[in-house]
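Next come the chains, spelled out residue by residue.
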Amino acid sequence: MIVAIDGPAGAGKSTVARALATRLGFRYLDTGAMYRALTWLALERGVGFDDGSALGALAEASPITFDADHVSIDGQDVTEAIRRPDIDRVVSSVARHREVREVMRDRQRELAEQGDAVIEGRDIGTVVCPHADVKVYLVADSAERARRRVAERPEIGAEALATDLRLRDERDAAQMQPAADAQTIDTTELDIEGVVDSIERLVRERASATK
Ligand code: DC
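Residues numbered from 1 in each chain as written. Predicted model: local features only at pLDDT ≥ 70, side-chain atom pairs only at ≥ 80, totals over all residues. Heavy atoms only, no water.

### Observations concerning the sheet that holds strand S8 (residues 183-186)
Ordered in space as S2-S6-S1-S7-S8, the five strands form an open sheet in which the pairing is parallel. Two strands bound the open sheet, and with one partner strand each, they are strand S2 (27-30) and S8. Sheet twist, expressed as the average angle between the axes of neighbouring strands with direction ignored, equals 20°. Summarising the sheet, strand S7 (residues 134-139) and S8 pair through four bridges and their orientation is parallel. Within the sheet, the bridge partner assigned to Leu138 lies in S8 and is Ile185. Contacts between helix H1 (residues 13-24) and the sheet are confined to strand S1 (2-6), S2, strand S6 (117-121) and S7, with S6 contributing the most and set at about 175° to the helix. Each of S2 and S6 touches helix H2 (residues 31-45); the most contacted strand, S2, lies at about 40° to it. (Pairing = 2+ DSSP bridges. Helix = DSSP H or I, 4+ residues; strand = E, 2+ residues; numbered from the N terminus. Axes fitted to C-alpha atoms, helices over the stretch in contact; angles between N-to-C directions. Contact = heavy atoms within 4.5 Å.)

Here it is as structure tokens:
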């Protein structure tokens, strides 16, 4: 079974998807980490963020692997490096290229085909796994999303983080449409357990409906 969890930055996707995967005994796949890893490598190699074909070729040539909580690209562990604020600021510029998205889409589909998984991203329910068994689109109001980011990146000022988030939303807008059959959950006033409980209910309903 595939559970797709999409939505903007700060809506709670990672925390919820991780907790849900643990509860269900499913794999957890963070597709944002794949775009971040490619962005890290492009910075290392000096590949321009406007050059879609060079970025696509770099993506094609650079396998990304997940091992427990670690992500590596081209054999280098980038788990911590990809959470840097300089990556936050430019990842959308890399992710917007068709050439990059095609490589990522195919890799993500291959990973999805390996069995039960909770997959988080922006376009999982629409593009990567349009036949996902359960599709959820998480949202939260922008002040709450900025507040959550401040907790994750305490070294950066609240105002700068709110601006970064707004700019990233604008750049990611093309990828951020909920699937027509996704269940939208507003997490602004919900705690993690509550959100995970509701998605788990959807998964159980779906599992018994398809038995
Ligand atoms: O979820 P995140 O913040 O780690 O994602 C990083 C960036 O990657 C985000 O700004 C948009 C992009 N992304 C995407 O375009 N498609 C996905 N499926 C996942 C992430």
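### Some remarks on the pattern of salt bridges
Throughout the structure, instances matching the rule amount to 24 salt bridges. A salt bridge links Asp106 to Arg105, with the shortest nitrogen-to-oxygen separation between them at 3.1 Å. Take Asp106: its relative accessible area is 36%, and that puts it in the partly exposed class. Relative accessible area serves as the criterion here: at 25%, Arg105 is assigned to the partly exposed category. A salt bridge links Asp181 to Lys135, with the nearest nitrogen and oxygen atoms 3.0 Å apart. Pair noted here: Asp181 is in the loop between helix H8 (158-172) and S8 and Lys135 is in strand S7, with a separation of 46 residues, a long-range link. (Salt bridge = Lys/Arg side-chain N within 4 Å of Asp/Glu carboxyl O. Buried < 20%, exposed > 50% of the residue type's maximum accessible area, 1.4 Å probe, protein only.)

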